[in-house]
Amino acid sequence: MPATPRSGPTTDWTELPPRELGADPSTLSRALDLVHARGGRAQLCVLREGRVLLDRSVGCAPDALFCLFSAGKPFVALLVHLLAQRGDLSLDDRVAEHWPEFGRRGKEDVTVRQVLRHRSGVPVARSVAGDALVMRHWGLAVREVERARPRWPPGQVPAYHILTYGVILGELARRVGGAPVRALLQEAFLDRLGLRDVHLGLPRRLWSRHVPVRATDPAGRITAGLFNRRSTREAVIPSANVSATARDLARFYQALLDAGAPGGARILEPSTVEEATRPSSDGEIDRLLGVPIRWSQGFQLGGPVADGALSRPMGRLSSPRAFGHNGSNCCIAWADPSRDLVFAYLTDLLPPRRAAGHLGEVADAVLAACR
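From a predicted model like this one, the values you see are computed outputs, not experimental measurements. Along each chain, residues carry numbers from 1 onward, in the same order as the chain's sequence is written. The model is predicted, so local features are restricted to residues of pLDDT at least 70 and side-chain atom pairs to those at 80 or more, both for listing and for counting; the totals for chains, interfaces and linings are taken over all residues. Processing note: side-chain calculations cover all non-hydrogen atoms of the structure and skip hydrogens and water entirely.

### Brief notes about the overall build of the protein
This is how it is decided: Numbering of helices and strands runs from the N terminus; a helix is a DSSP stretch of H or I covering at least four residues, while a strand is a stretch of E covering at least two. Between buried and exposed lies partly exposed: a residue is buried under 20% and exposed over 50% of the maximum accessible area for its type, with that area taken using a 1.4 Å probe on protein chains only. Contacts are assigned to residue pairs with any non-hydrogen atoms lying within 4.5 Å of each other. Under the convention used here, Asp and Glu are negative, Lys and Arg are positive, and both His and the chain ends fall outside the count. For this purpose, a charge sits on NZ of Lys, CZ of Arg, CG of Asp or CD of Glu.
The helix and strand tally for the protein stands at 13 helices and 11 strands. Oriented by its inertia axes, the alpha-carbon framework of the protein measures out at about 55 × 50 × 45 Å. Considering the protein as a whole, with its 371 residues, one finds that 60% of them fall into the buried category. Long-range contacts, defined here as pairs at least 24 residues apart, represent 69% of the contacts in the protein between residues at least 6 apart. Of the charged side chains in the protein, 49 are positive and 38 negative; the average position of the first set lies 5 Å away from that of the second.

### Points about the sheet that holds strand 8 (residues 323-327)
The condition that has to hold: In this scheme, strands are said to pair when DSSP sees at least two bridges between them. Axis definition: a line fitted to C-alpha atoms, over the contacting stretch in the case of helices. Angles run 0 to 180 degrees between N-to-C directions.
Within the open sheet, the six strands sit side by side as 2-1-10-9-8-7. Their pairing is antiparallel. Each end of this open sheet is capped by a strand with a single partner; those strands are strand 2 (51-58) and strand 7 (300-301). Of the pairings in the sheet, the one linking strand 8 to strand 9 (residues 331-336) comprises five bridges and is antiparallel in character. Bridged to F323 within strand 9 is A335. Sheet strands in contact with helix 1 (residues 25-38) are strand 1 (42-48), strand 2 and strand 10 (341-347), and its direction is about 20° off that of strand 2. Lying on the sheet, helix 11 (residues 246-258) is in contact with strand 1, strand 2, strand 8, strand 9 and strand 10; it crosses strand 10 at an angle near 155°.

### A closer look at the environment of P279
Checked against the element boundaries, P279 lands in the loop between helix 12 (270-276) and strand 7. A relative accessible area of 44% means that P279 is categorised as partly exposed. Along the primary structure P279 and L301 are separated by 22 residues, whereas in three dimensions their C-alpha atoms are 7.5 Å apart. Leaving out residues up to four positions away in the same chain, P279 has contacts with R294, W295, S296 and L301.

### Some details on the packing of helix 2 (residues 73-85) against helix 11
Which entries qualify depends on this criterion: Handedness of a helix crossing follows the sense of rotation of the near helix relative to the far helix, less than a right angle counterclockwise being left-handed and clockwise being right-handed. Lys, Arg, Asp and Glu make up the charged group, whereas Ala, Val, Leu, Ile, Met, Phe, Trp, Tyr, Cys and Pro make up the nonpolar group; the residues left over, Gly among them, are polar.
Their axes nearest at 12 Å, the elements helix 2 and helix 11 cross at an angle of 35°. As helix 2 packs across helix 11, the resulting crossing turns out to be left-handed. Residue-level contacts link P74, F75 and L78 of helix 2 to L249, F252, Y253 and L256 of helix 11. Partitioned by chemical class, the residues of the contact of helix 2 with helix 11 number seven nonpolar, no polar and no charged.

### Section: the environment of Q43
Put simply, the test is: Pairs of N or O atoms are called polar contacts if they sit within 3.5 Å, as long as, within protein, a hydrogen donor faces a hydrogen acceptor (for residues adjacent in sequence, only side-chain-to-side-chain pairs).
Relative to the helices and strands, Q43 resides in strand 1. Using a relative accessible area of 3% as the deciding quantity, one classes Q43 as buried. Residues Q43 and L349 lie 306 residues apart in sequence; the distance between their C-alpha atoms is 12 Å. In this structure the side chain of Q43 is engaged in a polar contact, spanning 3.0 Å, whose partner is the backbone oxygen of A61.

### Re the sheet that holds strand 4 (residues 198-200)
Pairing in this open sheet of three strands is antiparallel, and the strands run 3-6-4 from one edge to the other. The open sheet has two free edges, formed respectively by strand 3 (66-67) and strand 4, since each of these has just one partner strand.

### Section: the pattern of salt bridges
The condition that has to hold: When a carboxyl oxygen of Asp or Glu is within 4 Å of a side-chain nitrogen of Lys or Arg, the pair counts as a salt bridge.
All chains considered together, the criterion is met by 25 salt bridges. Notably, a salt bridge pairs E284 with R119, separated by 2.3 Å at the nearest N-O pair. A residue pair is termed long-range when its members are at least 10 positions apart, and E284 in the loop between helix 12 and strand 7 and R119 in the loop between helix 4 (112-116) and helix 5 (128-134) qualify at 165 residues. Its relative accessible area of 8% is what places R119 among the buried residues. A salt bridge links R214 to D348; its shortest N-O distance comes to 3.0 Å. Here R214 is found in strand 5 (residues 214-215), whereas its partner D348 is found in the loop between strand 10 and strand 11 (349-350), with 134 residues between them in sequence. A relative accessible area of 30% means that R214 is categorised as partly exposed.

### Some details on the environment of C45
Counting through the fold element by element, C45 comes out in strand 1. In sequence terms C45 and A344 are 299 residues apart; their C-alpha atoms lie 5.2 Å from each other. Ignoring sequence-local partners within four residues, the contact set of C45 consists of W13, L54, D55, A246, R247, A250, V342, F343 and A344.

### Topic: the nonpolar core
Operational definition: As used here, the term nonpolar core means buried Ala, Val, Leu, Ile, Met, Phe, Trp, Tyr and Cys residues forming a set that is joined through side-chain atoms within 4.5 Å.
Ranked by size, the top nonpolar core spans 90 residues in total, and within it F75, F189, F252 and Y253 carry the most contacts. Apart from the residues within four sequence positions on either side, F75 is in contact with L68, L185, F189, L190, V198, V242, L249 and F252.

### Some thoughts on the side chain of S319
Within the secondary structure, S319 sits in the loop between strand 7 and strand 8. Within the structure, S319 has its side chain in polar contact with the backbone nitrogen of R321 (distance 3.0 Å). Setting aside chain neighbours within four positions, we find S319 in contact with G302, G303, D336, S338 and R339.

### Section: the pairing of strand 8
When you tally the buried positions in strand 8, you get five out of five residues, the bulk of the element. Residues F323, H325 and G327 point to one face of strand 8 and G324 and N326 to the other, with burial holding for every one of them. Across two bridges, the pairing between strand 7 and strand 8 is antiparallel. Looking across to strand 8, one finds that Q300 is bridged to G324. If you look at the hairpin formed by strand 8 and strand 9, you'll find three residues sitting between the two strands, and S328 has a positive phi there, around 55°.

### Description of helix 2
The test is simple: Each helix should span, by expectation, one fewer than its residue count multiplied by 1.5 Å.
For helix 2, which comprises 13 residues, the first-to-last C-alpha distance of 19 Å matches the rise-based estimate of 18 Å (1.5 Å per residue) to within 8%. Where burial is concerned, most of helix 2 is hidden: 11 out of the 13 residues are buried. K73, P74, F75, V76, A77, L78, L79, V80, H81, L82 and L83 are the residues of helix 2 that are buried. At the exit of helix 2 stands G87, carrying a positive phi of roughly 85°.

So this is what it looks like as structure tokens:
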């Protein structure tokens, strides 16, 4: 990653000629063809060397707010890394040291690091459906996690924490940081980076800018119906309910590449970003998802997989150093330090699992253009 922060955040969204940024225009146009062919609403923002390669909105305004689903998980993870950087906690602390009620029913020795790695053994509190029923109510979600038993011994295997990730890390941050997770996130990152279009829980005043979710299969329609409720979109659900624009999401990842902020004000030390993106699972089968996932300590990682039939949301051409997060195969954002590239692609469609390869196809078109 660059040792010296750049001058500040991107505010001029004028696209530069692709060749000026080392990209092939004809190959890059394939990414745009894929976005338009899918239909619906979308935003695609690609930065290279901190400059705008692509900034396109399809069927919506550039300031339309999309639900990120799990693509918002890195925000709460980095908040915990920031608390560790400040010395308020250690990643090897037991969660129960800061949250005694958590340390019940076999969770006594679960560490902060294990949660960040999806290795606490608590991928769900009750069940996916049960967790979804209480996710809008912070106190209830916290109590369900306190009552939960690990499904696997803590630390043993990776198992994707669909909703418990945000509840455990968010409540931990609240107890250590002394304020609700939304306020902590606002103060730590969003205000300091000038990210006015990233929201954990959509403010009521911005409802007119939200993009409804759509789906084509029965399971997706249930999820879409839930997340299209105003009460859901306004709720604090760190694992699944950040609303944002592609522009601000790209700016956030650019700040991570630069290890800085506007005017060079340092938020996360380079060593903290390195720790957050350090691989923690490489080739292991995730016990909840049933596929191999390259996890770090807050992100999914790019790079090849052994099974060529598996979809790669960051693209089959993605670098092992790329880090980011997929959100229900609907939204994704990632950064690649080896290419000095940031990619943020937000859509309104929850695809059926058999059609989950679209995000990777768009990524591969961009990556092929930027070789």
